[in-house]
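Coordinate analysis (summary)
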Amino acid sequence: MLLYDHHVHAFGCIHPEDLWNYLHKTGRERKGYMDWYAQTYEQAFLEKPDWEKWLSSKSLDDFSRFYLCEAPLNFAQFQAKFNLIIALCDLGPKSIDLLEIAMDRHALQGLKQVEYRFPLPVRLSQEDMYVYFELVSQLLQRVNERYRGQFIATAAFTLPREMAWYPLHYQWLKLWMEKHPKKVLFFTAIDFSYFEENDEILEKKRFFSRVKEDNFQNPDLALAILVHVGETFESIPAGLSMLRVLEAAKLGVDRIGHGSVLGFNFKHNLLRPQTQVLSHDILQGIHSRMKAHGLTWDYELKDQTITEEQSMLAELQEQVLRLIKKMKTPFEHCPSSSSRLSGSSQSTLGAFLRHNIDTLICSDDPGIFSTTLQKEFYFANHQFPELTIDVQNQLAHAHRSEVMSGKIQVASRLF
Ligand SMILES: [Zn+2]
């Protein structure tokens with residue numbers, strides 16, 4: 001069986017029954033948030049969840065239908081479903097106990113190591129953030145001591161994508177780590193997720209250099225750099241999304257989440273909108289960045305709206321994949337999440353395998369996608385039998401964050 005899951009969002013691991021119990025404990029106190037959730041859900045799906053009815057119901061069915069992502073959906077719809085977790089759990093220190101149940105589930109499934117991504121909420125002050133780090137550290141210590149090295153839980157911290165926040169949150173994290181070196185053995189990475197389409201990863205060049213310099217200066221506190229890129233491209237040109245995946249690899253990030261755009265089947269997929277509106281200056285900027293990498297990108301421009309030809313995009317995918325192969329950056333591929341959110345699961349995996357790009361099968365949000373790592377592997381392996389458990393485990397072992405960041409050697413373990 002697969003032993004490592006390197007791409008999991010801590011709160012996305014919560015199963016419907018756990019959230020249901022939590023709703024019955026805290027739902028009434030969270031009325032304002034739950035009303036907000038119901039409104040955002042209605043905007044995305046044109047159907048409003050009657051959450052107050054759930055409080056007096058004994059059946060989970062209606063609740064689960066609203067919570068689980070079991071059919072294709074766009075990013076706004078996924079966010080609307082995830083808002084139920086935000087509304088109830090606050091994605092912060094208050095509901096951290098709920099994550100322990102998810103970790104126990106992973107340990108009982110026989111996994112050896114899971115890296116959980118913990119969001120750093122922008123509403124927290126420096127003091128509150130320190131409380132949060134302390135709680136995450138205690139949670140990891142507790143779980144890891146319970147399983148005595150048979151199962152290891154580690155933490156990657158998801159920073160906000162905006163420049164106003166991520167350097168500050170990183171600074172707080174590092175300050176806390178320096179103050180408490182004995183408590184941070186299991187803190188292994190930083191991550192960028194959430195909505196990616198407004199984020200030019202290139203703007204983080206100096207920040208990534210700083211993280212790498214910090215890792216070099218103090219390897220015991222090193223953090224790998226993980227980014228979600230090329231996962232969704234609903235409001236930007238697909239060519240731009242591909243360029244950003246390449247730029248992330250060139251900036252030396254340690255692992256890339258998804259990169260679905262590189263294998264997206266533009267010919268057969270109807271989810272993809274055909275056009276976007278971009279200013280002349282932005283288009284020129286994209287062109288010169290493409291040119292710097294020797295890429296050919298073309299489009300039709302009419303009334304400030306661009307259309308990208310399918311055959312041009314297929315050729316661009318091949319060009320970018322060939323360059324990525326040289327960079328040796330590993331990708332995390334999450335089959336259920338990719339097929340439901342990007343409509344590209346198997347074609348993306350096929351493109352990576354065809355180009356011999358190191359690809360790790362991961363589960364993303366197993367609670368909300370109603371899956372497990374083993375199910376994800378069987379789903380992928382069904383179409384690509386060349387994907388073997390042994391090779392996956394070796395790859396995952398070599399690409400652990402603590403190895404990529406220089407914290408430990410590939411032959412070592414944290415615990
Ligand atoms: Zn993810």
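Below: a short report on this structure. (Residues numbered from 1 in each chain as written. Predicted model: local features only at pLDDT ≥ 70, side-chain atom pairs only at ≥ 80, totals over all residues.)

Topic: the overall build of the chain
The criterion, for reference: Where helices and strands are cited, they refer to DSSP runs of H or I of at least four residues and of E of at least two residues respectively, numbered from the N terminus. Two things to know: the radius of gyration comes from C-alpha atoms, and the globule rule equals 2.2 Å times the number of residues to the power 0.38. Remark: C-beta atoms are placed from the backbone, and a residue is labelled buried if 20 or more other C-beta atoms sit within 10 Å of its own, exposed if 12 or fewer do, or partly exposed between those counts. Any two residues are considered in contact once their C-beta atoms, placed from the backbone, lie within 7 Å.
Counting its secondary structure elements, the chain contains 17 helices and eleven strands. Scaling as 2.2 N^0.38, a compact globule of 415 residues should have a C-alpha radius of gyration of about 22 Å, and the chain matches this with 21 Å. Viewed in the frame of its principal axes, the chain has a C-alpha envelope of about 55 × 50 × 45 Å. Within the chain, buried positions represent 44% of all 415 residues. Relative to all contacts within the chain whose residues are 6 or more apart in sequence, the contacts with residues 24 or more apart total 81%.

Here we look at the pairing of strand β3 (residues 152-159)
To be explicit about the condition: A clockwise path from the first strand over the helix to the second, with the strands pointing away from the viewer, defines a right-handed crossover. Here, any two strands with at least 2 DSSP bridges between them count as paired.
Within β3, eight of the eight residues are buried, which leaves it mostly tucked inside the rest of the structure. Neither face of β3 is exposed, since Ile152, Thr154, Ala156 and Thr158 on one face and Ala153, Ala155, Phe157 and Leu159 on the opposite face are all buried. Regarding topology, helix α7 (residues 126-147) serves as the crossover connection from strand β2 (residues 113-119) to the parallel β3, and that connection is right-handed. Alignment of β3 against strand β4 (residues 187-192), held across five bridges, turns out to be parallel.

Description of the sheet that holds β3
The cut-off we apply is this: Axis definition: a line fitted to C-alpha atoms, limited for helices to the stretch in contact. Angles are taken between N-to-C directions and run from 0 to 180 degrees.
The eight strands are arranged β1-β2-β3-β4-β5-β6-β10-β11 in an open sheet whose pairing can be described as parallel. Because the sheet does not close on itself, it has two edges, and the strands there are β1 (4-9) and β11 (359-361). Taken over all neighbouring pairs, the strand axes of this sheet differ in orientation by 30 degrees on average, direction set aside. Two elements, β1 and β2, share four bridges in a ladder whose sense is parallel. Bridged to valine 8 within β2 is tyrosine 116. The strands that helix α8 (residues 166-179) touches are β3 and β4; relative to β3, the one it contacts most, it runs at about 145 degrees.

Points about unusual backbone geometry
At asparagine 356, a residue that is not glycine, the phi angle is positive and equals roughly 55 degrees. Mapping asparagine 356 onto the fold places it in the loop between α14 (345-354) and β11. A count of 9 C-beta atoms within 10 Å places asparagine 356 in the exposed class. A positive phi angle is found at aspartate 364, which is not glycine, with a value near 65 degrees. The residue aspartate 364 is located in the loop between β11 and α15 (373-383) in this model.

Examining the packing of helix α6 (residues 97-108) against α7
Geometrically, a packed helix pair is captured by the angle between its two axes and the distance between the axes. Put simply, the rule is: Relative orientations are named as follows: roughly parallel for angles under 35 degrees, roughly antiparallel for angles over 145 degrees, roughly perpendicular for angles from 65 to 115 degrees, and oblique for any other angle. The sense of a crossing depends on the near helix, which, turned anticlockwise from the far helix by less than a right angle, makes the crossing left-handed and, turned clockwise, makes it right-handed.
Where α6 meets α7, the closest approach of the two axes is 11 Å, and the angle between their N-to-C directions is 30 degrees. Classified by the angle their axes make, α6 and α7 are roughly parallel. When you trace α6 past α7, the crossing you get is right-handed. Between α6 and α7, the contacting residues are Leu99, Glu100, Met103 and Ala107 on the first element and Leu139, Val143 and Tyr147 on the second.

So, helix α10 (residues 238-250)
Put simply, the test is: Every helix has an expected span of 1.5 Å times one less than the residues it contains.
In a regular helix each residue adds 1.5 Å, so 13 residues correspond to 18 Å; α10 covers 19 Å between its end C-alpha atoms and thus fits that length. Of all 13 residues in α10, eleven are buried; the element is thus mostly enclosed. Those residues of α10 that fall on the buried side of the exposure criterion are Ala238, Gly239, Leu240, Ser241, Met242, Leu243, Arg244, Val245, Leu246, Ala248 and Ala249. Buried residues belonging to α10 abut β5 (224-229), β6 (255-258), α11 (280-292) and α12 (310-327).

Some points on the environment of leucine 223
In this structure, leucine 223 sits in the loop between α9 (205-217) and β5. On a C-alpha basis, the gap between leucine 223 and glycine 239 in space is 30 Å, while along the polypeptide they are 16 residues apart. Setting aside residues no more than four positions away along its own chain, leucine 223 makes contact with Phe187, Thr188, Ala189, Ile190, Val211, Asn215 and Ser405.

Comments concerning the packing of helix α2 (residues 31-45) against helix α5 (residues 75-89)
Note the threshold: Just so you know the grouping, Ala, Val, Leu, Ile, Met, Phe, Trp, Tyr, Cys and Pro go in nonpolar, Asp, Glu, Lys and Arg go in charged, and all remaining residues, Gly too, go in polar.
Interhelical geometry of α2 versus α5 gives an angle of 170 degrees and a closest axis separation of 9 Å. For the element pair α2 / α5, the angle class is roughly antiparallel. Across the interface between the two elements, Tyr33, Met34, Trp36, Tyr37, Thr40, Tyr41, Ala44 and Phe45 of α2 pack against Ala76, Gln77, Ala80, Asn83, Leu84 and Ala87 of α5. Here the contact of α2 with α5 is built from residues that sort into eleven nonpolar, three polar and no charged.

That's the geometry; what it means functionally is another story.
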